[in-house]
Amino acid sequence: MRSSEITPKSLYLRRREFLKLGAGSAVALSLPAFARAKVEHGPKLAGVTPNPKFTLPDEKKNSFEDITTYNNFYELGTDKSDPSENASKLQTRPWTLSVEGEVAKPKKWDIDEILKTFPIEERVYRLRCVEAWSMVVPWDGFPLADFLKKHEPTSRAKYVAFETVVQPQLPGIRGFSGISFPYVEGLRIDEATHPLTLLVVGLYGETLPNQDGAPIRAIIPWKYGFKSAKSLVRIRLQETQPPTTWNLYAPQEYGFYANVNPDVDHPRWTQSKERRIGELLRRKTLMFNGYTEVASLYSGLDLRKFY
Amino acid sequence: MKKAVVPAAFAACCLPLLWLAVQFATGGLGPNPIQALLDDLGYTAFVLLALTLACTPAQRVLGWNWPIRIRKLLGDFCFFYACLHLSTYAVFDQGLDFGGIASDVLKHKFIFLGMATWLLLLPLAITSTQGWQKRLGFRRWKRLHRVVYLAGGLASFHFLLRFKTPKLETIAWMAVIAVLLLVRVVEAARKRARMIQSE
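Residues numbered from 1 in each chain as written. Chains lettered and ligands numbered in written order. Predicted model: local features only at pLDDT ≥ 70, side-chain atom pairs only at ≥ 80, totals over all residues.

(A) Structural detail: the overall build of chain B. Looking only at helices and strands, one finds 10 helices and 0 strands in chain B. Scanning chain B from its N terminus toward the C terminus, one meets helices and strands in the order α-α-α-α-α-α-α-α-α-α. Against the globule reference of 16 Å for 199 residues, chain B gives a C-alpha radius of gyration of 18 Å, in line with a compact fold. Along the three orthogonal principal directions, the C-alpha set of chain B runs to about 65 × 45 × 40 Å. Per-residue burial for chain B yields a buried fraction of 34% across its 199 residues. Long-range pairs, those at least 24 residues apart, make up 65% of the contacts in chain B with a sequence separation of at least 6. (Helix = DSSP H or I, 4+ residues; strand = E, 2+ residues; numbered from the N terminus. Rg over C-alpha atoms; globule rule 2.2 N^0.38 Å. Buried ≥ 20, exposed ≤ 12 C-beta atoms within 10 Å, placed from the backbone. Contact = placed C-beta atoms within 7 Å.)

So this is what it looks like as structure tokens:
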């Protein structure tokens, strides 16, 4: 090693860092009302009916801006601001969602046919990320159970596997993001057909923004956010438990179940508290993210072992 | 020109704080400003730690003398940002619940590494003055301040564990720290070889 080759680089790096910081603060000081990126709104969804059973009257909904600029969507980049910045790179038309496997009636759906077939309702759900932050989101969608029923699952359909789109132009697919693609997720059939589980096509009454998983995604509100796979191209019913992306990446950190559970920590941080986006201090995390009606799905299951 | 180095470095070290204060006040830190503040303060402390570690090699390898004159200043500012980073965690993440902090430190190696780094930096920051250098004697003072190498290593792994998947940027910074520590190892080996030769 020639040390003369090394030190200048580190000093050079630091120069740029300080120059950048210096320029940044100069700009910030000259613009007291710091300009933020404009939030883009999509077309309104037709015929959305609020479901009075799911309004969370005691919770304050997060703003459209919060929900569309603070995202985890590794196909669009690993930073929270990447998905909104790269949103336009995701192509959502034409779009096919294929339902296959243990069903009597497999089908390749065009997304617009789905939008015409299923009545869309609005439900306000809590969303708890595995990274210990949370939001309250008004989703527009329909129960996954209704969708699956149309395909007549066979008696061998014990699990549901989700697959997210892979488009070669997406920055996360091209670059280094750690996890492998396509992003895959899965549920037990009783979890998938639970009345809380949704297929979501919109948000705040508008067509789902790309960074939130357009044109169609899953929402399982009692599980950590990574279970709710985005931009779905395939739903497969099967007899065996499907592999899931984060579990493949780090099985000791992310389980198949990934139920929100304040008593089971992530190995690197606590799950007992969370920061609601918009709040300064952390609040207590609720068992099953407050959706305790799902507890019966797991009776007899050791949730410390099956995290 | 020579006189300007220290005040210029002082001003540069204040810039990240100024920038963060303005961003925080104007909503520029995004929907989760506390997390952004925590991350940016930690990052600044880490970069300053790397710069502190670069001062001696800059003299030995490049023959520059001016970085040595700002080494103490960089180290002090590194500790200053580390304190702000720790305070943000203690106040906003933990709500000053010291029992919660203790269990977080003991249960999670990511938090443990961060706290250990801060605890290692604490005696170095206290004894960074010339008065302490005299009180301890230069040899002992120097030996104590070698702890900064360990702090650099622990801080690197704390930084690495921050993200669900390792970031290329973190790995690049870890390489910088590794090289700066390697320079010391090579220096020490050379010194020993010289001593053996002269015997």
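(B) Region of the structure containing the pairing of strand S8 (residues 198–203) of chain A. Residues and elements named next belong to chain A. Within S8, 6 of the 6 residues are buried, which leaves it mostly tucked inside the rest of the structure. As paired elements, strand S5 (residues 133–143) and S8 share 5 bridges and run antiparallel to each other. Bridge pairing in S8 places Pro-143 opposite Leu-198. Pairing analysis gives 3 bridges linking S8 to strand S10 (residues 217–219), with the strands arranged antiparallel. Considered in S10, the bridge of Leu-198 is made with Ile-219. One ladder, built from 2 bridges, connects S8 with strand S9 (residues 206–207); its direction is antiparallel. Its bridge partner lying in S9, Leu-203 is registered against Glu-206. Hairpin geometry of S8 and S9 is characterised by an intervening segment of 2 residues between the two adjacent antiparallel strands and by a positive phi of about 55° at Tyr-204. (Pairing = 2+ DSSP bridges.)

(C) Structural detail: the pairing of strand S2 (residues 96–101) of chain A. All names here are of chain A. Alternating residues of S2 divide into Leu-97, Val-99 and Gly-101, all buried, and Thr-96, Ser-98 and Glu-100, none buried. When S2 meets strand S3 (residues 107–110), the two strands line up antiparallel, connected through 4 bridges. Residue Val-99 lies in a different strand from S3, and its bridge partner there is Lys-107. Between S2 and S3, which pair antiparallel and follow one another directly, the connecting turn spans 5 residues. When S2 meets strand S11 (residues 232–238), the two strands line up parallel, connected through 4 bridges. The partner of Gly-101 across the bridge, within S11, is Leu-237.

(D) Inspection of the sheet that holds S3 of chain A at higher detail. Residues and elements named next belong to chain A. As summarised here, the arrangement of the 5 strands in space is S3-S2-S11-S6-S7, forming an open sheet in which the pairing is mixed. The open sheet is flanked by S3 and strand S7 (184–188), the only strands paired with a single partner. Sheet twist, expressed as the mean angle between neighbouring strand axes with direction ignored, is 15°. Sheet analysis places strand S6 (residues 159–164) next to S11, joined by 6 bridges and oriented antiparallel. Residue pairing in the sheet places Tyr-159 in a bridge with Gln-238 of S11. (Axes fitted to C-alpha atoms, helices over the stretch in contact; angles between N-to-C directions.)

(E) Just the packing of helix H1 (residues 5–26) of chain B against helix H2 (residues 33–62) of chain B, in detail. All names here are of chain B. Direction vectors running N to C along H1 and H2 enclose 175°, while the axes themselves pass 11 Å from each other. By the angle between their axes, H1 is roughly antiparallel relative to H2. Contact residues: H1 offers Pro-16, Leu-20 and Phe-24, while H2 offers Pro-33, Leu-37, Asp-40 and Thr-44. Tallied by class, the residues present in the contact of H1 with H2 amount to 5 nonpolar, 1 polar and 1 charged. (Parallel < 35°, antiparallel > 145°, perpendicular 65-115°, else oblique. Nonpolar A, V, L, I, M, F, W, Y, C, P; charged D, E, K, R; others polar.)

(F) Region of the structure containing H1 of chain B. Residue and element names in this part refer to chain B. Taking 1.5 Å of rise per residue, the 22 residues of H1 would be expected to cover 32 Å, and the 32 Å separating its terminal C-alpha atoms lies within 8% of that figure. What H1 keeps buried is the set Ala-9, Ala-12, Cys-13, Leu-15, Pro-16, Trp-19, Leu-20 and Gln-23. One or two residues past the end of H1 sits Gly-27, with phi positive at roughly 80°. (Expected span 1.5 Å × (residues − 1).)

(G) Fine view of unusual backbone geometry. Residue and element names in this part refer to chain A. A cis geometry characterises the amide bond from Arg-93 onward to Pro-94, with omega recorded as -10°. Looking at the secondary structure, you find Pro-94 in the loop between helix H3 (82–85) and S2. The peptide bond linking Ala-214 to Pro-215 adopts the cis configuration, its omega dihedral lying at 0°. Locating Pro-215 in the fold gives a position in the loop between S9 and S10. The backbone phi angle of Leu-56 is positive, close to 45°, even though this residue is not glycine. Positionally, Leu-56 belongs in the loop between strand S1 (49–50) and helix H2 (64–69). We note that Phe-288 has phi near 50°; this positive angle belongs to a residue other than glycine. Examined against the element boundaries, Phe-288 turns out to sit in the segment after strand S13 (283–284).

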